[in-house]
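A look at the structure
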Amino acid sequence: MKEFFRLLKREFKLFLGNSTLRSVFFLAPVLYATLIGFVYKAGKVENIPVIVIDKDNTPLSAQLVEMLGDNKSIKTLKYLQEPSSVNDEVIRKEAAAVVMIPARFEAGILQKKYPEVNVYVNTSNVLTANFASKALQLTIGTFSAGVSIKGLQKMGMPAVRAATQYEPFKTNYITLFNTTSNYLIFMWPAMLAVVLQQVILLAMAISFAAEFQRGSFVTEYAGMRRRAFPIMLIKVVPIWTFSILIVAIYYFMHMFFNVPMPEGILSFIWLTAFFVGSASFMGVFVSILIPDALKATQVLMVIASPAFIISGFTWPLSAMPAFVQLMANIIPLTPFLQAFKILLIQKGSVELTFPYIRHLGILLLVYAFLGWLALKIKLWYLFRTAKEGKL
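On a predicted model such as this, the values are computed, not experimentally measured, just so you know.

Moving on: the overall build of the chain. The number of helices and strands found in the chain is 16 helices and four strands. Here the chain, with 391 residues, has 43% of them falling under the buried criterion. Here the analysis covers contacts within the chain between residues at least 6 apart in sequence; of these, 78% occur between residues at least 24 apart. Summed over its atoms, the accessible surface of the chain is roughly 21,400 Å², and 64% of this surface lies on carbon and sulfur atoms.

One can describe the packing of helix H12 (residues 265-289) onto helix H15 (residues 333-344) by two numbers: an axis separation of 10 Å at closest approach and a directional angle of 170°. Classed by the angle they form, the pair H12 and H15 counts as roughly antiparallel. Handedness of the crossing formed by H12 with H15: left-handed. Between H12 and H15, the contacting residues are Phe-268, Leu-271, Thr-272 and Phe-275 on the first element and Leu-333, Phe-336, Ala-339, Phe-340 and Leu-343 on the second. Its residues placed into classes, the contact of H12 with H15 shows eight nonpolar, one polar and no charged.

Quick look at the packing of aromatic side chains now. Counting across every chain of the model gives 13 aromatic pairs. Of the aromatic side chains, those joined through ring pairs into one cluster are Phe-38, Trp-188, Phe-256 and Phe-257. Across the ring face of Phe-313, the terminal group of Lys-341 is positioned such that the distance to the ring centre comes to 5.0 Å.

This next bit is on the sheet that holds strand S2 (residues 74-79). Spatial ordering of the open sheet is given by S2-S1-S3-S4, a layout of four strands whose pairing is mixed. Both edges of this open sheet fall to S2 and strand S4 (118-121), since each of them pairs with a single strand only. Strand-to-strand twist in this sheet, taken as the mean axis angle between neighbours without regard to direction, amounts to 20°. Examined bridge by bridge, strand S1 (residues 48-54) and S2 share six bridges and lie parallel to one another. Along S2, the bridge assignment pairs Pro-49 with Lys-75.

Looking now at the environment of Leu-360. Along the chain, the position of Leu-360 falls in helix H16 (residues 354-390). In this structure Leu-360 comes out as buried when scored by relative accessible area, which is 0%. C-alpha of Leu-360 to C-alpha of Ile-330: the two residues are 30 residues apart in sequence and 9.2 Å apart in space. Aside from chain neighbours lying at most four places away, what touches Leu-360 is Leu-271, Phe-274, Phe-275, Ser-278, Pro-332, Pro-335 and Phe-336.

A few words on the side chain of Asp-56. Along the polypeptide, Asp-56 turns up in the loop between S1 and helix H3 (59-70). It turns out Asp-56 is buried and unbridged, and the closest side chain with the opposite charge, Arg-104, is 7.1 Å from it. Only 2.4 Å separates the side chain of Asp-56 from the side chain of Thr-58, close enough to count as a polar contact. A distance of 2.9 Å separates a polar side-chain atom of Asp-56 from the backbone nitrogen of Arg-104.

UniProt's entry tags residues 21-40, 185-210, 231-253, 265-290, 299-317 and 356-375 with the feature "transmembrane region" (unreviewed entry), counted in the numbering of this structure. Taken end to end, residues 231-253 is 100% helix and 0% strand, and its first and last C-alpha atoms sit 34 Å apart. As a span, residues 299-317 carries 32% helix and 0% strand, and end to end its C-alpha atoms are 23 Å apart.

Along the polypeptide, Gly-361 turns up in helix H16. For Gly-361 and Gly-277, which are 84 residues apart along the polypeptide, the C-alpha to C-alpha distance reads 8.8 Å.

Reading the values: the criteria
Residues numbered from 1 in each chain as written. Predicted model: local features only at pLDDT ≥ 70, side-chain atom pairs only at ≥ 80, totals over all residues. Heavy atoms only, no water. Helix = DSSP H or I, 4+ residues; strand = E, 2+ residues; numbered from the N terminus. Buried < 20%, exposed > 50% of the residue type's maximum accessible area, 1.4 Å probe, protein only. Contact = heavy atoms within 4.5 Å. Areas by Shrake-Rupley, 256 points an atom, 1.4 Å probe, with all protein chains shown as cover. Axes fitted to C-alpha atoms, helices over the stretch in contact; angles between N-to-C directions. Parallel < 35°, antiparallel > 145°, perpendicular 65-115°, else oblique. Left-handed = near helix turned anticlockwise from the far one by under 90°. Nonpolar A, V, L, I, M, F, W, Y, C, P; charged D, E, K, R; others polar. Phe/Tyr/Trp six-rings, centres within 6.5 Å; stacked < 30°, edge-to-face > 60°. Lys NZ or Arg CZ within 6 Å of the ring centre and 35° of its normal. Pairing = 2+ DSSP bridges. Lys, Arg positive; Asp, Glu negative; His and termini not counted. Salt bridge = Lys/Arg side-chain N within 4 Å of Asp/Glu carboxyl O. Polar contact = N/O pair within 3.5 Å; in protein donor to acceptor, adjacent residues only side chain to side chain. UniProt positions renumbered as here; feature names shortened; annotations may be inferred.

And the structure:
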């Protein structure tokens, strides 16, 4: 036990004495969290440029343009003539959509000829396109309903009956989870988890590999050469300790950016503990398997880089090929984000997260066993080679 604590103390010193590890493990999470937080701080995109081409220029078309201008989500850019190249104008003004009000728009409505308003949506950016489409559908739909009801009223129909004639049944759309469509709440916490996994894997990548490269492993761990699991603990305990500090910093940053905390804080602690544990043991396994620190770092970064894309957080796993789903399910970030979404965004029952916590627990045990087995073989080989070298 005395040897264990001596080596653990040494590991902390090695960790804190490595300037690269210090900057990556402590500065990177805070820097990325702050930067990404300010990027998504607004939560919603407002004042999205929308080109409105009013070929009619009548009181009724002007009323539609005015209603579009009153919507805070979009900023109308009014044109009385169609530009020579609408596509070029969209690119030049960075517009998310074009609303084309045809000539004789007012006359067509009055004569019940049902004129068509064409809306061209710029889907080169799906996010702004969705926000703009939603705003345009709401405003144009409201205007259309108002015009129809007024027309029926002019024919002598009472306002209440006119509303039912236009809309024979009412549909209520009620949003669930993140009702304000706040992008900060959706993206920022998930990105923090991505950063945390990457810094853990990066730190673990050079943990064993660096010891093997500089040849210090045999001399320092001679007294524990038959105890593979305690050696693994010596390597991961500093990572676990400093991960608690990072999570605590994230907690205060949640308050700074006014992002709600997950439901069931105790379950969240367990979820985070399993996530950190499985990610660190995954790093241990790769670090032992690849004795070169640079190569171990490269392999783990190749694994970690696409982790968010294939995690199922923004694009459903069911829509991915089977081999991609398999890759996603062996990366700790995938079950963590699925459970995290339930606790933070959907505010679901804690019981719903149990399958994902169980998934993380399995990954933790599997990577711990693989790491232990790899280290056991490595210890046998290293000390046998060292013994033969002395003979």
